[in-house]
Amino acid sequence: MQIASTISQARALFDVLPRPLGFVPTMGALHEGHLALVRRARADSVAVAASVFVNPLQFAPSEDYTRYPRDAQGDQAKLAQAGVDVLFAPSPASMYPPDFSTSIDTGPIGDVFEGAIRPGHFRGVATVVSKLVNIVRPDALYLGQKDAQQTAVLRRMVRDLEIPINVVIVQTEREADGLAMSSRNAYLSPEQREAAPSLHHALQAVRLAMAGGRSKADAIAAARARLHPLAQLDYIDVVDANTFNPIETLSPPAFVIGAARFGTTRLLDNLWIE
Ligand code: AMP
């Protein structure tokens, strides 16, 4: 695996990679969920690129940017083992020089749910992904369904701006007890870790109740009761998968989405309704 830490090094390497080229952007602290994206890219592509970049633009000043888990050595070993050809791991200063000032407005789809709780988050995500895609120039972009709203925002950006790449969404990797894998799971205390799968169980309860004919309001009320007392729910809802507008029935394509805090750690999860 070759490693590029500057944009010019990256361009030189990406220019000569055989095609099709699959690209997996990440913020590092890699787990099996990230590696599922790499494996899918490996299966679909002739060459595979990954990036590890904790993007300051997508964190609010009050959020966990500085304490976000980082493991450069471990990440490199995992990516090399998974068959990545080129790793792009730039510094924040090289991505964002002092006079950097352009960003992407994702519109209403980026202002609801995660975007309402984390103002500016999707602006930061869309801006870094478009910059990364312009550097890597892949044929396909691999994203995890785990971040469902992010997939909707980025698919919309690719469509609206005519970015010539294929977006591939990979299903969520989970721990044995149902908890969606996440770099932030490392923050959980043992008690919080035990409570965390209840978010997944609550989403399953919504799907089951609505599939059985109960109204969304009833189903969500029942699901709230499934949540562990340590969970503080931010939201639970059923949305159209393309627009993220709330819907009253489980008509596909849709997501049952949820976010909850366990102490200071916020976890997201969703179920794909197809
Ligand atoms: P992150 O490093 O959290 O920015 O995630 C990088 C990519 O990995 C994103 O496309 C995520 O949606 C994806 N991802 C994160 N967790 C999982 C998971 N448990 N299963 C599948 N993909 C995931």
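Everything quoted here is computed from the prediction, not taken from an experiment. (Residues numbered from 1 in each chain as written. Predicted model: local features only at pLDDT ≥ 70, side-chain atom pairs only at ≥ 80, totals over all residues. Heavy atoms only, no water.)

**Details of the pattern of salt bridges**
Pairing of side chains with opposite charge becomes possible as their charged atoms draw close.
No. 1: Scanning the entire structure with this criterion turns up 17 salt bridges.
No. 2: Asp160 is the salt-bridge partner of Arg159, the closest N and O atoms lying 2.8 Å from each other.
No. 3: Salt bridges here are not isolated pairs; linked through shared partners, they connect Glu114, Asp234, Arg261 and Arg266. (Salt bridge = Lys/Arg side-chain N within 4 Å of Asp/Glu carboxyl O.)

**With respect to the site of the ligand**
No. 1: Around the ligand there are 17 residues in total, and Met27, His34, Gly144, Asp147 and Met181 lie nearest to it.
No. 2: Within the backbone of Gly144, a nitrogen or oxygen atom sits 2.9 Å from an oxygen atom of the ligand.
No. 3: A distance of 2.9 Å is found between a nitrogen atom of the ligand and a backbone nitrogen or oxygen belonging to Met181.
No. 4: Contact with the protein chains removes 92% of the 490 Å² of surface that the ligand exposes when unbound.
No. 5: Of all elements in the fold, only strand S2 (21–26), helix H2 (32–44) and strand S5 (140–144) reach the threshold of two or more residues within the shell around the ligand.
No. 6: Looking at the shell around the ligand, the element that brings in the most residues is H2, giving three residues.
No. 7: Residues belonging to the shell around the ligand are distributed by class as follows: six nonpolar, eight polar and three charged. (Near = heavy atom within 4 Å. Polar contact = N/O pair within 3.5 Å; in protein donor to acceptor, adjacent residues only side chain to side chain. Areas by Shrake-Rupley, 256 points an atom, 1.4 Å probe, with all protein chains shown as cover. Helix = DSSP H or I, 4+ residues; strand = E, 2+ residues; numbered from the N terminus. Nonpolar A, V, L, I, M, F, W, Y, C, P; charged D, E, K, R; others polar.)

**Side note on the nonpolar core**
No. 1: Formed by 45 residues in total, the largest nonpolar core has its most connected members in Phe14, Phe88, Met95, Val129, Leu141 and Phe244.
No. 2: Among the elements that take part in this core, helix H6 (residues 121–136) stands out by supplying nine residues, more than any other.
No. 3: Taken together, domain 1 (2–170) and domain 2 (187–273) each give at least three residues to this core, which thus spans both.
No. 4: Sequence-distant contacts of Phe14, that is, excluding residues within four places in its chain, are made with Arg19, Leu21, Ala49, Val86, Phe88, Ile135 and Val136.
No. 5: One finds Ala231, Val238, Phe262 and Ile273 within the second-largest nonpolar core, a separate group that totals 27 residues. (Core = buried A, V, L, I, M, F, W, Y, C linked by side-chain atoms within 4.5 Å. Buried < 20%, exposed > 50% of the residue type's maximum accessible area, 1.4 Å probe, protein only. Domains from an automatic or database assignment. Contact = heavy atoms within 4.5 Å.)

**Examining the layout of surface pockets**
No. 1: The computed volume of the second largest pocket comes to approximately 240 Å³.
No. 2: Every residue lining the second largest pocket is counted, 16 residues in all, and those nearest its centre are Val52, Phe53, Ala72, Asp75 and Ala89.
No. 3: Looking at the lining of the second largest pocket, the element that brings in the most residues is helix H3 (residues 72–81), giving three residues.
No. 4: When its residues are assigned to classes, the lining of the second largest pocket shows eleven nonpolar, two polar and three charged. (1 Å grid on protein atoms, 1.4 Å probe; cavity = no way out; pocket = protein on both sides within 12 Å on 5 of 7 lines; lining within 4 Å. Points joined across faces, edges and corners; volume = space filled by probe spheres on them.)

**Notes on H3**
No. 1: When we look at burial in H3, the residues that qualify are Gly74, Asp75 and Leu79. Buried residues along H3 cover an arc of 125° about the axis, so they all sit on one side. Structural note: H3 exposes Gln73 and Gln81 on the side pointing more than 90 degrees away from its buried face.
No. 2: Where the residues of H3 are buried, they touch H2, strand S3 (47–52) and strand S4 (86–88). (Arc of directions from axis to C-beta.)

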